[in-house]
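Working through the structure, step by step
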Amino acid sequence: MKNCDRTLVPDDGFFFGLSVFETIGLEQGHPLFLREHLERMNASAAALGIDARLTSEQVLDWLRRADHPLLEHGGLKIVLSRENLFFLIRENPYRREQYERGFLVDYSAVRRNETSPLVCHKTANYGDCILENRACHAAGMDERIFLNSRGELTEGTVSNLFFLREGKLYTPAASCGLL
């Protein structure tokens, strides 16, 4: 497969953000919604010309060999480019008290471009999300919401949007310009 150690091979993923990633919740050593995450990642990789297909077996094998306390409640970040494959375990950034009090949000002045070829792909070309996320935290908020060029809701800087109405779950359409 690809480079899976800590040696980075300079490629389009490193220089231009043409790599894909997924962050997958971990509970008691098990990745949540692994199949769905890998389906999205593999489809995005193909769309960007990354000739690789990551399997559940590869991820589970890596997790079996990993010795990390956050396997019990954390996140697995996978980054894939033409020449690189990285697995990283990170802390879950959401805390119980946030869920109990709710999340403070506002709207970003940055608009999503629903016509971009990167729409629907979770790529390392993520700078506007990180900058807006930092700015919202500096303003005392938890999250900032992006609208597209038509003024439609799309997503948060590091989160998905959804709401429940009369027992039915709603989320913006991918065509609005979100991951």
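Note: the structure precedes this text.
Since this is a predicted model, take the numbers as computed values, not measurements.

The next thing to look at is the overall build of the chain. Counting secondary structure elements, the chain contains 5 helices and 9 strands. Along the chain direction, N to C, the helices and strands of the chain fall in the order α-β-β-α-α-β-β-α-β-α-β-β-β-β. In terms of C-alpha radius of gyration, the chain reaches 17 Å, essentially the compact-globule figure of 16 Å for 179 residues. With the C-alpha coordinates aligned to their principal axes, the bounding extent of the chain is approximately 40 × 35 × 35 Å.

Here we take up the nonpolar core. Leu 54, Val 59, Leu 76, Ile 78, Leu 80 and Phe 87 are the most contacted members of the largest nonpolar core, which totals 22 residues. The element best represented in this core is helix α2 (residues 34–47), accounting for 4 residues.

With a probe scaled to a water molecule rolled over the atoms, the places where space remains empty come into view. Estimates place the volume of the second largest pocket at around 290 Å³. Looking at the second largest pocket, it is lined by 18 residues, and the ones nearest its centre are Arg 112, Ser 116, Leu 118, Asn 125 and Asp 128. Where the lining of the second largest pocket is concerned, the elements lending two or more residues are β5 (105–112) and α5 (127–138). Per element, the largest residue contribution to the lining of the second largest pocket is 3 residues, and it comes from β5. Taken together, the residues that form the lining of the second largest pocket break down as 8 nonpolar, 6 polar and 4 charged.

Further remarks concern the state of the cysteines. Counted by the stated rule, this structure contains 0 disulfides. With no disulfide of its own, Cys 136 lies closest to Cys 129 among cysteine sulfurs, the gap being 11 Å. Judged by its relative accessible area of 0%, Cys 136 falls in the buried class. The cysteine Cys 176 is free of any disulfide, with Cys 120 supplying the nearest cysteine sulfur at 9.7 Å. With a relative accessible area of 11%, Cys 176 lands in the buried category.

In this section: the pairing of β5. Bridge count between β5 and strand β6 (residues 143–148): 5 bridges; the pairing is parallel. By the bridge assignment for β6, Arg 111 is matched with Leu 147. In this fold, β5 hands off to α5, which returns the chain to β6; that crossover is right-handed.

What follows concerns the pattern of salt bridges. Evaluation of the coordinates by the stated rule reveals 12 salt bridges. Asp 106 is the partner of Arg 144 in a salt bridge, and the nearest nitrogen-oxygen pair spans 2.8 Å. Of this pair, Arg 144 sits in strand β6 while Asp 106 sits in strand β5, placing them 38 residues apart in sequence. Taking relative accessible area as the criterion, Asp 106 reaches 22% and is therefore assigned partly exposed. Here the residues in one salt-bridge network are Arg 35, Glu 36 and Glu 39, joined through shared partners.

By convention here, two paired aromatic rings are described through the distance between centres and the angle between planes. Taken as a whole and judged by the stated rule, the model has 6 aromatic pairs. Relative to Tyr 126, the ring of Phe 21 has its centre 5.3 Å away and its plane inclined at 90 degrees; by these criteria the two rings are edge-to-face. Of this pair, Phe 21 sits in strand β1 (residues 20–27) while Tyr 126 sits in the loop between β5 and α5, placing them 105 residues apart in sequence. Taken together, a centroid distance of 5.0 Å and an interplanar angle of 15 degrees make the contact between Trp 62 and Phe 87 stacked. Of this pair, Trp 62 sits in helix α3 (residues 56–65) while Phe 87 sits in strand β4 (residues 85–91), and the two are 25 residues apart along the sequence. A relative accessible area of 18% means that Trp 62 is categorised as buried. For Phe 87, a relative accessible area of 6% gives the class buried. In textbook terms, an aromatic cluster arises when at least three aromatic residues are bridged by ring pairs, as seen for Phe 14, Phe 15 and Phe 16. Above the face of the Phe 21 ring, Lys 77 is positioned so that its terminal group lies 4.2 Å from the ring centre. A cation sits over an aromatic face here: Arg 112 above Phe 146, 3.8 Å from the ring centre.

Calculation notes
- Residues numbered from 1 in each chain as written.
- Predicted model: local features only at pLDDT ≥ 70, side-chain atom pairs only at ≥ 80, totals over all residues.
- Heavy atoms only, no water.
- Helix = DSSP H or I, 4+ residues; strand = E, 2+ residues; numbered from the N terminus.
- Rg over C-alpha atoms; globule rule 2.2 N^0.38 Å.
- Core = buried A, V, L, I, M, F, W, Y, C linked by side-chain atoms within 4.5 Å.
- Buried < 20%, exposed > 50% of the residue type's maximum accessible area, 1.4 Å probe, protein only.
- 1 Å grid on protein atoms, 1.4 Å probe; cavity = no way out; pocket = protein on both sides within 12 Å on 5 of 7 lines; lining within 4 Å.
- Points joined across faces, edges and corners; volume = space filled by probe spheres on them.
- Nonpolar A, V, L, I, M, F, W, Y, C, P; charged D, E, K, R; others polar.
- Disulfide = S-S within 2.5 Å.
- Pairing = 2+ DSSP bridges.
- Right-handed = clockwise from strand over helix to strand, strands pointing away.
- Salt bridge = Lys/Arg side-chain N within 4 Å of Asp/Glu carboxyl O.
- Phe/Tyr/Trp six-rings, centres within 6.5 Å; stacked < 30°, edge-to-face > 60°.
- Lys NZ or Arg CZ within 6 Å of the ring centre and 35° of its normal.

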